[in-house]
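Report on the structure
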Amino acid sequence: MHVDSEFTVGIHILACYGILADSGITSRELGLSIGCNSAIVRKVMAKLNRAGLLKSGMGRAQTVLGRPAESITLKDVLIATEEESASDVFNMYPAVEKCPLSRDLRKVLIPYFQSAFDAMLGELSHVTIADIMSEFPKDKSEYPIYVLKQQELNRRDNDEANHEN
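Presented here is a report on the structure given in the accompanying data block.

Calculation rules
- Residues numbered from 1 in each chain as written.
- Predicted model: local features only at pLDDT ≥ 70, side-chain atom pairs only at ≥ 80, totals over all residues.
- Heavy atoms only, no water.
- Helix = DSSP H or I, 4+ residues; strand = E, 2+ residues; numbered from the N terminus.
- Buried < 20%, exposed > 50% of the residue type's maximum accessible area, 1.4 Å probe, protein only.
- Contact = heavy atoms within 4.5 Å.
- Salt bridge = Lys/Arg side-chain N within 4 Å of Asp/Glu carboxyl O.
- Patch = residues over 30% accessible without salt bridge, like charges linked within 9 Å, V, L, I, M, F, W, Y side chains within 5 Å.
- Areas by Shrake-Rupley, 256 points an atom, 1.4 Å probe, with all protein chains shown as cover.
- Lys, Arg positive; Asp, Glu negative; His and termini not counted.
- Charge placed at Lys NZ, Arg CZ, Asp CG, Glu CD.
- Axes fitted to C-alpha atoms, helices over the stretch in contact; angles between N-to-C directions.
- Left-handed = near helix turned anticlockwise from the far one by under 90°.
- Nonpolar A, V, L, I, M, F, W, Y, C, P; charged D, E, K, R; others polar.

What to know about the environment of L121
Along the chain, L121 falls in helix α6 (residues 100-124). Its relative accessible area of 12% is what places L121 among the buried residues. Considering only alpha carbons, one finds L121 and D76, 45 residues apart in sequence, at a separation of 9.1 Å. Contact partners of L121, with chain neighbours within four places excluded, come to K75 and L78.

Dropping the structure here:
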C-alpha cells in the first residue's frame with residue numbers, strides 16, 4: 001500500500017501549529033523542522049487550507065489551526081492530503097486485455113481493497129491532532145524551530161532599535 005509523505009507532513013504541520021500556536025512559524029521554518037523543502041510544505045498547507053484544517057491569516061506567518069485540534073482527525077488529514085478511495089491507495093498495473101487474470105483481477109480485488117481502506121479510515125478517525133500533540137513536550141522552548149524564531153524576532157527588534165538611535 002502506498003500513502004505519500006504528504007500525509008505525515010500534514011500531521012507535522014498541524015501538530016506544530018497546535019503546539020506552537022501564535023509563534024509565527026513560516027513554511028521555511030516548518031521545512032527545516034520536517035527536513036523537506038518549503039515548497040512541499042506550502043503545497044501541503046494549501047491542501048490543508050482547502051480542507052479547512054488550517055486557516056491562513058493576513059500578514060506574514062499568521063497561520064492557525066482551522067478548527068480545534070480535538071476535532072481534526074488523522075482521517076481528515078489523509079483525505080485532505082492524499083487519497084480518497086481504495087483504488088487511489090492500491091494502484092494496479094495496466095491490464096493486459098488478452099489475459100483474463102490481468103483483465104479481471106482488479107474487479108476481484110477492489111472489494112477487498114475497499115474493505116481494508118475503510119478499516120484504515122475507521123482507525124484514523126479515532127485519533128486527533130490533539131492526541132498527537134499530547135505525546136510531545138508542551139514547553140515551546142524545547143522546540144528548535146520555536147527557539148530560532150524567538151532569536152530571529154529578538155534580532156529584528158534589536159536592529160530596529162539600533163536604527164532608531
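The rest of the description comes next.
Quick notes on the pattern of salt bridges
Overall, the coordinates contain eight salt bridges when judged by the stated rule. With a closest N to O distance of 3.4 Å, K149 and E29 form a salt bridge. In this pair, K149 sits in helix α8 (residues 144-164) while E29 sits in helix α2 (residues 27-34), placing the two residues 120 residues apart along the sequence. Per residue, the accessibility class of K149 equals that of E29, and both read buried. Taking the shortest distance from any N to any O, the salt bridge between K149 and E152 comes out at 4.0 Å. Here the residue K149 and the residue E152 both occupy positions in helix α8, the gap between them amounting to three residues, near one helical turn. The buried category is assigned to K149, whose relative accessible area is 3%. Classification of E152 by relative accessible area gives buried; the value is 16%. Put simply, E29, K149, E152 and R156 are held in one network by salt bridges that share partners.

Some details on a negative patch on the surface
A contiguous patch of negative charge, built from D157, D159, E160 and E164, is present on the exposed surface. Note that E164 resides in helix α8.

So, the packing of α2 against α8
Their axes nearest at 10 Å, the elements α2 and α8 cross at an angle of 145 degrees. Taken as a pair, α2 and α8 cross one another with a handedness that is right-handed. On α8, the residues touching R28, E29, L30 and S33 of α2 are I145, K149 and E152. Taken together, the residues of the contact of α2 with α8 break down into two nonpolar, one polar and four charged.

Considering unusual backbone geometry
Unusually for a residue other than glycine, D22 sits at a positive phi of about 60 degrees. Structurally, D22 is set in the loop between α1 (6-19) and α2. Given a relative accessible area of 74%, D22 falls into the exposed group.

So far we have only geometry, and geometry alone does not tell us how the molecule works.
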